[in-house]
Structures are given as C-alpha cells and as structure tokens.
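Observations on the model geometry
Listed below are the residues making up each chain.
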Amino acid sequence: MQAIARILDHSLPKPPVDLALGPSLQAAWERCRPDGLVTVEVLFYCRGRLFLMVPGSAAAARLRQEGPDLLTRLRAEPGLADLREIVTRRMGRQLLPNAAMKQAVPLRSELGARCFGSLAETVDDPALKASLARLAVALATDRPTRA
C-alpha cells in the first residue's frame, strides 16, 4: 500500500506551493481595491500573478490605471509579498434574457438545408450522416436562435 501511495505521490500533479484561490483572497482584495472596482472578482493567486475577473473593458482600463498603487497595497497583504503582476480575464457573455430571445435572428436557410441534406446522402459514416441530416432539418425549420 505504501508503494502505491509513493507512486501516486510522484505521478500526480501537485498545485504550486503559493496557490491561493479566490475566497481566501477576498478580504485582502476588498481592503486594497479602489472603490470603483467593486464588480471585479478575485480568481486566484499563483507564482506572483493575481488573476482577476473583470466585467468589461472599462474595469480593465481602470485596473491598468490603478495598477502601480494597487500592486503596492496588495504586496503589503499576507501571502502576496511576491506579487509581480495583475492578470485580468473578461467575463463571458451571459445568456440572453427571454425578451432578447423574442427578437433573435431566425436560423432558417433553405440553401443551407439543401446543401447539408445532399451532403448527408453522400456520407458513409452513420453518426455523421445522422448529424448532417439533423442540421439540414434544423436549417429548414424556422426556429429562433441567439443573436
């Protein structure tokens, strides 16, 4: 059993020693962040880089502007003395609300439906043939999709 544990210990990847996840950094971030960056979320800290999630380009620009002062304040916090860089990630697009779905662009395309339908007839792979046939049917029917 010890031999298996030793093999697993050496073969499984280990997180970096200085890895800190968002919840453990939240208090330090709230103490150091400027008031205009309340919507910015802390993701994690690793190897001298603090990763933040920003809601848009305006918050990212504000972070770049406040960068030097913010780095100084954050370095004074426990565990962040080696902080070298702040890395930002933009939040992904949210799903469209129901009101926006009503105004969505229709997917209907007769030419596309015919094209994929004829392509499905020439394919030998059953799974691919079925997939192309479903796509042809979806293009032939008038169903709204997200814009």
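My aim in this report is to walk through the structure given alongside it, one point at a time. Just so it is clear, the structure is predicted and the values come from calculations on it, not from any experiment.

Counting its secondary structure elements, the protein chain contains 6 helices and 4 strands. Ordered by position from N to C terminus, the α and β elements of the protein chain give α-β-α-β-β-α-β-α-α-α. In the protein chain, 62% of the contacts between residues at least 6 apart in sequence involve partners at least 24 apart. As presented, the protein chain carries roughly 10500 Å² of accessible surface, and 58% of it is formed by carbon and sulfur atoms.

Before going further, it helps to spend a moment on the pattern of salt bridges. Under the definition given, this model contains 3 salt bridges. Here R31 ties to E77 by a salt bridge, and the two come within 2.5 Å at their closest N and O atoms. One end of the pair, R31, is in helix α2 (residues 22-32); the other, E77, is in the loop between α3 (57-75) and β4 (85-90), and 46 residues separate them in sequence. Residue classification places R31 among the exposed positions, given a relative accessible area of 54%. Between R49 and E85 there is a salt bridge, with the nearest N and O atoms lying 3.2 Å from each other. Linking R49 in strand β3 (residues 49-54) with E85 in strand β4, this pair joins segments that are 36 residues apart in sequence. Overall, the relative accessible area of 30% leaves R49 in the partly exposed class. By relative accessible area, E85 is classed as partly exposed at 34%.

On to the sheet that holds strand β1 (residues 20-21). Ordered by their spatial adjacency, 4 strands build an open sheet running β1-β2-β3-β4, and the pairing between neighbours is mixed. Both edges of this open sheet fall to β1 and β4, since each of them pairs with a single strand only. In the sheet, β3 pairs with β4 via 6 bridges, with the strands oriented parallel. Counted as the bridge partner of L50 is I86 from β4. α2 contacts β1, β2 (41-46) and β3 of the sheet and is inclined by roughly 110° relative to β2. Most of the contacts of α3 go to β4, to which it runs at about 155°, and overall it touches β3 and β4.

The next thing to look at is the packing of aromatic side chains. Inspection of every chain in the model, using the stated rule, returns 1 aromatic pair. An angle of 20° between the planes, with centres 4.4 Å apart, marks the rings of F44 and F51 as stacked.

Reading the values: the criteria
- Residues numbered from 1 in each chain as written.
- Predicted model: local features only at pLDDT ≥ 70, side-chain atom pairs only at ≥ 80, totals over all residues.
- Heavy atoms only, no water.
- Helix = DSSP H or I, 4+ residues; strand = E, 2+ residues; numbered from the N terminus.
- Contact = heavy atoms within 4.5 Å.
- Areas by Shrake-Rupley, 256 points an atom, 1.4 Å probe, with all protein chains shown as cover.
- Salt bridge = Lys/Arg side-chain N within 4 Å of Asp/Glu carboxyl O.
- Buried < 20%, exposed > 50% of the residue type's maximum accessible area, 1.4 Å probe, protein only.
- Pairing = 2+ DSSP bridges.
- Axes fitted to C-alpha atoms, helices over the stretch in contact; angles between N-to-C directions.
- Phe/Tyr/Trp six-rings, centres within 6.5 Å; stacked < 30°, edge-to-face > 60°.

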